[in-house]
Amino acid sequence: VNVAGHPTRTIWLAPNGVTVRIIDQTKLPHAFVIAELASLADAADALREMRVRGAPLIGVTAAYGLALAMRSGASDAQLENACEVLTATRPTAVNLRAALRYLRAALQQVPEAQRVSVAYDLAAELAERDVADNRAIAQHGLELLRPLAEKRARLEVMTHCNAGWLATVDIGTALAPVYAAHDAGLPVHVWVSETRPRNQGASLTAWELGQHGVPHTVIVDNAAGHVLQLGNVDAVLVGTDRTTAHGDVANKIGTYLKALAARDCGVPFFVAAPSSSIDWSLTVGADIPIEERSAREITHVGGRAEGDDDSQVSVQLLPSGTQVSNFGFDITPARLVSGLITERGVCAASARGLAELFPESARG
Ligand code: MRU
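Rules and cut-offs
Residues numbered from 1 in each chain as written. Predicted model: local features only at pLDDT ≥ 70, side-chain atom pairs only at ≥ 80, totals over all residues. Heavy atoms only, no water. Pairing = 2+ DSSP bridges. Helix = DSSP H or I, 4+ residues; strand = E, 2+ residues; numbered from the N terminus. Axes fitted to C-alpha atoms, helices over the stretch in contact; angles between N-to-C directions. Contact = heavy atoms within 4.5 Å. Parallel < 35°, antiparallel > 145°, perpendicular 65-115°, else oblique. Left-handed = near helix turned anticlockwise from the far one by under 90°. Salt bridge = Lys/Arg side-chain N within 4 Å of Asp/Glu carboxyl O. Buried < 20%, exposed > 50% of the residue type's maximum accessible area, 1.4 Å probe, protein only.

A. Layout of the sheet that holds strand 3 (residues 11–13). Read across the open sheet, the three strands follow the order 3-4-5; overall the sheet is antiparallel. In this open sheet, the two edge strands, each paired with only one partner strand, are strand 3 and strand 5 (34–37). Neighbour to neighbour, the strand axes of the sheet diverge by 30 degrees on average, direction disregarded. Sheet topology places strand 4 (residues 20–23) next to strand 5; four bridges connect them, and they run antiparallel. Residue pairing in the sheet places Val20 in a bridge with Leu37 of strand 5. Against the sheet, helix 2 (residues 55–71) engages strand 3, strand 4 and strand 5, with an angle of about 25 degrees to strand 3.

B. Quick look at the packing of helix 6 (residues 176–183) against helix 7 (residues 200–212). Closest axis-to-axis distance for the helix 6/helix 7 pair is 11 Å, and the angle between their directions is 20 degrees. When the interaxial angle is binned, helix 6 and helix 7 end up roughly parallel. Read as a crossing pair, helix 6 and helix 7 show a hand that is right-handed. Where helix 6 abuts helix 7, its residues Val178, Tyr179, His182 and Asp183 lie against Glu208, Leu209 and His212.

C. Geometry of the pattern of salt bridges. By the definition in use, this model includes 17 salt bridges. Arg90 serves as the salt-bridge partner of Glu291, at 2.9 Å between the closest nitrogen and oxygen. Of this pair, Glu291 sits in the loop between strand 13 (278–279) and helix 10 (296–299) while Arg90 sits in the loop between helix 3 (76–87) and helix 4 (94–108), and the two are 201 residues apart along the sequence. Residue Arg152 pairs with Asp234 through a salt bridge whose shortest N-O separation is 2.9 Å. Of this pair, Arg152 sits in the loop between helix 5 (115–149) and strand 6 (155–159) while Asp234 sits in the loop between helix 8 (224–229) and strand 9 (235–238); the two residues are 82 residues apart in sequence, bridging distant segments of the chain. Exposure remark for Arg152: the relative accessible area of 30% places this residue in the partly exposed category. On the basis of relative accessibility, which here comes to 2%, the residue Asp234 falls in the buried class. Via salt bridges that share partners, Arg90, Arg198, Glu291, Arg293 and Glu297 belong to a single interconnected network.

And the structure:
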């Protein structure tokens, strides 16, 4: 994706071939800051503090984090420790676990002296795979959207959180078909829900759609049902942090409510689900661990100080001492999902639908 005219990914190797560069997403949309990861601790911190976020990008960052860890010691014990540290950063997105499992298994097979270079190679391989998957999702999703675009002057898509290129290495998952539609000349407009408490919709999705020139409107989360009832939406399109082998979907908190409202209003609800986000070991969404984050994300809100281009401020919203729960994700049951858009095509959100596309991964 181009940022200010320059092709930009969300994570890449620095020219020294060692350190890893990321876009610090906690600074967006008000500042575009590139941060450098030089150690396991840097990578773990970037994941925990959500300088990088979004399931596919979390997976690739963890892989590079393991490569950085191997530079300061590649014994079996150090490998185990690094995997543990990285796994603990974000519990819901399966990409993180899957990436670490993949690298760990490969590194265990090679001598210590080769572990650094093998880890970097595998991290780069996962990054390229993510981009290729998203490119395919863009095309499959575009074919779903085309007929909907014939209904009226504008194609109206609603999304939640950020499942755009910022959530991946490049291109995005849920927003990939939107970009493909826009690039193909379809008049697409996106309803972006702000996505409290961290506001990935308002801060990140609005920013990246704006960078690409895609018309969009931000609404508060609570307005989504109303906008759907007004008949202003042709399709809801969201991402996933973990999809079970039977098609239940864990995604950013608030996704379930959108799926319920979409069903009630007869609007199709699609989930862009690269196979890297499918957990073939689980069938039931209720078994997916749901991340609970700091109360401060709810008690306070951050932003740019009015009339000041540079300073970011944090403002307290709640009475001091108020008890809060900060669930990061919720589960949308497969029955509310109209289809899963994978890199191999679109399928029903069901064991059979997924098994038809991924027979080698589905279990009996
Ligand atoms: O907490 P986040 O910002 O990492 O959550 C991201 C989401 O929920 C996305 O919708 C999901 O990862 C899919 S991203 C392609």
